[in-house]
Amino acid sequence: MPAESNQCMFCSNKLCIHKVPIFNSLNHEDLVKISEKIEHKDYKKGESIFNIGDKLDTIVIINEGSAKAYKYTLDGREQILYIFSEGDFFGEQYLLSNQTAAFTVETLSTLKACTLTKSQLQELLFKHPDIAIKIIEELGSRMSRLENSLQSMGVRSVDARISSLLIDFSEKYGKAVTEGILIRLPLSREGMANYLGVARETVSRKLSQMEEEGIIRSVSNKSILILNVTFLKETADL
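Criteria and thresholds
Residues numbered from 1 in each chain as written. Predicted model: local features only at pLDDT ≥ 70, side-chain atom pairs only at ≥ 80, totals over all residues. Heavy atoms only, no water. Helix = DSSP H or I, 4+ residues; strand = E, 2+ residues; numbered from the N terminus. Areas by Shrake-Rupley, 256 points an atom, 1.4 Å probe, with all protein chains shown as cover. Pairing = 2+ DSSP bridges. Axes fitted to C-alpha atoms, helices over the stretch in contact; angles between N-to-C directions. Expected span 1.5 Å × (residues − 1). Buried < 20%, exposed > 50% of the residue type's maximum accessible area, 1.4 Å probe, protein only. Contact = heavy atoms within 4.5 Å. Parallel < 35°, antiparallel > 145°, perpendicular 65-115°, else oblique. Nonpolar A, V, L, I, M, F, W, Y, C, P; charged D, E, K, R; others polar. 1 Å grid on protein atoms, 1.4 Å probe; cavity = no way out; pocket = protein on both sides within 12 Å on 5 of 7 lines; lining within 4 Å. Points joined across faces, edges and corners; volume = space filled by probe spheres on them. Domains from an automatic or database assignment.

## Here we look at the overall build of the protein chain
Of regular secondary structure, the protein chain possesses eight helices and 13 strands. Surface accessibility of the protein chain: about 12,400 Å² in total, with carbon and sulfur atoms responsible for 51%.

## Structural notes on the sheet that holds strand 3 (residues 48–50)
Taken together, the four strands give an open sheet; going across it, the order is 3-8-5-6, and neighbouring strands pair in antiparallel fashion. A strand with exactly one partner marks an edge of an open sheet, and here the two such strands are strand 3 and strand 6 (78–84). Strand-to-strand, the axes of this sheet are offset by a mean angle of 35 degrees, without reference to chain direction. Inspection of the sheet shows strand 3 paired to strand 8 (residues 104–107) by two bridges, in the antiparallel sense. Paired with Ser48 across the two strands is Glu106, which belongs to strand 8.

## Observations regarding helix 5 (residues 158–173)
For helix 5, which comprises 16 residues, the first-to-last C-alpha distance of 22 Å matches the rise-based estimate of 22 Å (1.5 Å per residue) to within 8%. Among the residues of helix 5, Ala160, Arg161, Ile162, Ser163, Ser164, Leu165, Leu166, Ile167, Phe169, Ser170 and Tyr173 are the ones counted as buried.

## Overview of the sheet that holds strand 13 (residues 223–226)
Each strand in a sheet pairs with its neighbour through backbone hydrogen bonds, running either in the same direction (parallel) or in the opposite one (antiparallel). Strands sit in the order 10-11-13-12 across an open sheet of four strands; the sheet is antiparallel. Each edge of the open sheet is held by one strand with a lone partner, namely strand 10 (174–176) and strand 12 (216–220). Taking the axes of each pair of neighbouring strands and ignoring which way they run, one obtains an average angle of 25 degrees across the sheet. Sheet topology note: the strand 11 (residues 181–184)/strand 13 ladder contains four bridges and is antiparallel. Across the sheet, Arg184 pairs through a bridge with Ser223, a residue of strand 13. Across the face of the sheet, helix 5 comes into contact with strand 10, strand 11, strand 12 and strand 13 while running at roughly 90 degrees to strand 11.

## Points about the packing of helix 6 (residues 189–196) against helix 7 (residues 200–212)
Direction vectors running N to C along helix 6 and helix 7 enclose 110 degrees, while the axes themselves pass 8 Å from each other. Between helix 6 and helix 7, the angle is such that the two are roughly perpendicular. Where helix 6 approaches helix 7, its residues Arg189, Glu190, Met192, Ala193 and Leu196 are matched on the opposing element by Arg200, Val203, Ser204 and Leu207. When grouped by side-chain class, the residues that make up the contact of helix 6 with helix 7 number five nonpolar, one polar and three charged.

## Brief notes about the pairing of strand 9 (residues 111–117)
The buried count for strand 9 comes to five of seven residues, which makes it a mostly enclosed element. Here strand 2 (residues 39–43) pairs with strand 9 via five bridges, running antiparallel. Considered in strand 9, the bridge of Glu39 is made with Thr115.

## Some remarks on the layout of surface pockets
One simple way to see leftover space: roll a probe sized like a water molecule over the atoms. In this structure, the second largest pocket occupies an estimated 540 Å³ of space. Forming the walls of the second largest pocket are 25 residues, and the residues nearest its centre are Ser66, Leu108, Leu185, Pro186 and Leu187. Put simply, the parts of the chain that give the lining of the second largest pocket at least two residues each are strand 8 and helix 6. Looking at the lining of the second largest pocket, its residues break down into five nonpolar, 10 polar and 10 charged. Both domain 1 (16–152) and domain 2 (156–236) contribute no fewer than three residues apiece to the lining of the second largest pocket.

Laid out in structure tokens, this is it:
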């Protein structure tokens, strides 16, 4: 269970909903009104926010930290479906239907979340129907990314998939430095393998090969420096 749950006092100066694209159309006054209804929850690293099969009644917005959405394959292997980080949200699709959660969401780091209940979200949608359209667009985008990911597992080479993942991470978690782009990796090597649908040894071998070729440099177990982003984009066919 979350270590802490209280009214979101942090939102008075740093509105978590300000980070979420679906709320971009709201003015500051509306954002403040919503923030008064939001609850704040803290999660430890490795803690489940919800599990597959759960009945959900809240939308979760990540204020700080990251989490993975995953399920297990028939042979018992973990398959990561999505990576959520600051500004991302989830659970909204289950508030609009009676379906139970189709995957488990587990934190990858300590995480601060803001939550809205089903009734609060519905009230918001009635008042601001454009938000419903943005939610539909976001769900469509997630489905598209998931379909592309599944298709790439059977069509694209391992090199292309790893390069594409590093490009995605550089855009979301990267920081420009003198030598290139420094990425604070949200996943371990095993997590990257579970995301790509390959063996951990394959990911480690390919990353080592990229390092030998001067494309990347391992800074630590959790950080990689991209030295040649052009090569990665060409390999990923982007």
